[in-house]
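Each chain, letter by letter, is given below.
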Amino acid sequence: MRFGQIFCLFCAFISCSLVWLIYHSYKPSWFSDVLECRATVTKHVTLDLIFPVGVACAQPSVHTSRQDVSISTPWSAPIVWEETFDLVVIDNIYKYQNITVAATVFALGKYVRFLKDFLESAEQHFMVGYPVHYYLFTDLPNEVPEVKLGEERQLTVIKTPSLKRWQEITQSRMGMIEKLIEEKLRNTIDYIFSFDVDTKFHAHWGAESLGDLVGVLHPYLFGSSRQQFTYERRPESQAYIPSEEGDYYYEGAMIGGRPDKVYELAKTCRMQIEMDKDNQIEAVWQDESYLNKYFLYNKPTKVLSPEYMWHDEIQKPDHMKVVRFSQVIKKYAEIRPNT
Ligand SMILES: CC(=O)N[C@H]1[C@@H](OP(=O)(O)OP(=O)(O)OC[C@H]2O[C@@H](n3ccc(=O)[nH]c3=O)[C@H](O)[C@@H]2O)O[C@H](CO)[C@H](O)[C@@H]1O
Ligand SMILES: [Mn+2]
C-alpha cells in the first residue's frame, strides 16, 4: 500500500474512534440532549385523541349543551362544566393512553390537619381509575396521616424546611414544583396538578380536566368585570396587570397540565416572585397574582369552571350543578404562623 492510502486509512480510523469515544464515554451535553429528547418522545403518550373501534356512545349535539354559562374562552379553550363532556368518550380516550398523573400538595405547620380529608376525598373522587402519584411536601413528616390508597396510587413525602411567614409558604410552592418537575417528573409522568391542602373533593374530578395548561376560575370573581378582579395593580410589581387588560380571575389553589408547561409556569412565577422580593415588594395575592399574570399572557388550553374550585361558605347559584372540589372554611388566626 502506498503511503497516501495508509495515511487515509489512519485518518478514517482516528475519526471513527473519536466519534465512538464522544458518543459512548464523553457524552457532551448536546449529545445527552439528543438522547433525552428521544426518550421523551418515546416515553410520552400520544397527543392524538385515539378512540377505540366499536365503542357505543351518545351522538354529540350540534347545539350548545349549556345556555346559562360560557363553555369556551375567546381563544377557543373549553371551559369545563357539568353537561359539557361525555365521560364514556373521555375515559375511552385516556384509559388507552396509560397516562400517569402527579398531584402535589403542600402542608406545612398546622396545615397538616387538612391532609386526611384532602387525601381521603381525593382517593374517592380524583382521577379514579388512573395511576396517581401524590407528592406531599411537609415540614412535619411524622404527622402525615395514614390513608389507604387505591391500586396504582402512591404517595411520596418530601421533607421541606419550615418557613415563618404564610406568604412565603404559599409562594415557595412555585419553586418546589419547578424543582420536582425538573429533577423527577419531566419524563416520567404525563400530567401534573397542584392543589391547596385546605380543600376537599366532593364529586368526580377526572380526565375531562386534562390539558396542556389548566387553570380554574375563582368562584367569588366569576362574572365580575376585569376592573374588579383583584389583580396586582402596582406597576412596580412583576405581577402587574393594567386595568384595561384581563380575561378571567384564576384561583391560585390549583394549577395543572403537562409537566413541561407547568414547569415553565412555575419557573416564570418563581423568578418573578424573586425579582419582586429583591425590590421589597410582595404581590397582593402572592403566588395567585403571578399566576394570573402568567395566564393572561400564556393562555390556558383548558379552563375549569368553579365546579372545580368552590368555597364552602358561598351559596350555590343555579348554574352550579355540582361541586367537585372546595376550599374548606378555616380560622386563619388559628392555623397560620403569622398574621
Ligand atoms: C382558595 C384560594 O384562593 N387560595 C389561594 C389564596 O388563599 P388561601 O387562603 O387559600 O391560602 P392558604 O392559607 O390556603 O395557603 C395556600 C396553601 O399554602 C400552604 N400553606 C399555607 C400556610 C401554612 O402555614 N402552611 C401551608 O402549608 C397550604 O398548602 C395552603 O393550602 O391565596 C394564596 C396566596 O395568598 C394562594 O394563592 C392560595 O392558593
Ligand atoms: Mn387555601
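Computed from a predicted model, the values in this text were never measured in an experiment.

*Asks:* How should the coordination of the manganese ion (ligand 2) be read in this particular structure?
*Replies:* Note on metal sites: the ideal angle is 109.5 degrees for four tetrahedral donors, and 90 or 180 degrees for six octahedral donors. The protein atoms that coordinate the manganese ion (ligand 2) are D196 (OD), D198 (OD), D198 (OD) and Q327 (OE1), at distances spanning 2.1 to 2.7 Å. One way to put it: the six donor atoms around the manganese ion (ligand 2) meet at angles of 54 to 170°, and that makes the site irregular. One chain supplies every donor to the manganese ion (ligand 2), and in sequence these donors are spaced D-x1-D-x128-Q. Linking D196 in the loop between β5 (191-195) and β6 (199-201) with Q327 in strand β11 (residues 325-327), this pair joins segments that are 131 residues apart in sequence. The pair formed by D196 and Q327 is uniform in burial state, with each residue classed as buried.

*Asks:* Which parts of the structure should I look at to understand the sheet that holds strand β10 (residues 310-311)?
*Replies:* Backbone-to-backbone hydrogen bonds pair the strands of a sheet. The strands run either parallel or antiparallel. What the three strands build is an open sheet, ordered β6-β11-β10; its pairing is mixed. Two strands in the sheet have a free side with no partner beyond their single neighbour: β6 and β10. Alignment of β10 against β11, held across two bridges, turns out to be parallel. When the sheet's bridge partners are listed, W310 is paired in β11 with S326. Contacts from helix α4 (residues 115-125) reach β6 and β11, with the element oriented near 20° to β6.

*Asks:* Sorry, what's going on with the site of ligand 1 here?
*Replies:* F106, Y111, E251, Q286 and Y332 are the nearest of the 25 residues found near ligand 1. Measuring from an oxygen atom of ligand 1, one finds a backbone N or O atom of F106 at 2.5 Å. A distance of 2.9 Å separates an oxygen atom of ligand 1 from a polar side-chain atom of D196. Taken by itself ligand 1 offers 710 Å² of open surface, and the protein chains cover 97% of this. Of all the elements in the fold, those that place two or more residues in the shell around ligand 1 are β2 (101-107), α5 (166-185) and α7 (286-297). With four residues, α5 is the largest single contributor of residues to the shell around ligand 1.

*Asks:* What is the right way to read the nonpolar core from this model?
*Replies:* One recurring pattern in soluble globular proteins is that nonpolar side chains are buried together. In this structure, Y94, L115, F126, M127, F195, W205 and M254 are the most contacted members of the largest nonpolar core, which totals 42 residues. Of all the elements in the fold, those that place two or more residues in this core are α3 (87-94), β2, α4, β3 (132-138), β5 and β7 (213-216). Residues M176, Y250, L265 and A266 belong to the second largest nonpolar core, which totals 39 residues.

*Asks:* What is the right way to look at the pairing of strand β8 (residues 254-257) in this model?
*Replies:* Consecutive residues of a regular strand have side chains that alternate between opposite faces of the sheet. Of the two faces of β8, both are covered, the one formed by M254 and G256 as well as the one formed by I255 and G257. Relative to β8, β5 runs antiparallel, the two sharing four bridges. Counterpart to F193 in the pairing with β8 is G256. Relative to β8, β7 runs antiparallel, the two sharing two bridges. Considered in β8, the bridge of L213 is made with G257.

What counts, and where the lines are drawn
Residues numbered from 1 in each chain as written. Chains lettered and ligands numbered in written order. Predicted model: local features only at pLDDT ≥ 70, side-chain atom pairs only at ≥ 80, totals over all residues. Heavy atoms only, no water. Donors = N, O, S within 2.8 Å, 3.2 Å for Na, K, Ca; no water. Tetrahedral: all angles 85-135°; square planar, octahedral: opposite > 155°, others 65-115°. Helix = DSSP H or I, 4+ residues; strand = E, 2+ residues; numbered from the N terminus. Buried < 20%, exposed > 50% of the residue type's maximum accessible area, 1.4 Å probe, protein only. Pairing = 2+ DSSP bridges. Contact = heavy atoms within 4.5 Å. Axes fitted to C-alpha atoms, helices over the stretch in contact; angles between N-to-C directions. Near = heavy atom within 4 Å. Polar contact = N/O pair within 3.5 Å; in protein donor to acceptor, adjacent residues only side chain to side chain. Areas by Shrake-Rupley, 256 points an atom, 1.4 Å probe, with all protein chains shown as cover. Core = buried A, V, L, I, M, F, W, Y, C linked by side-chain atoms within 4.5 Å.

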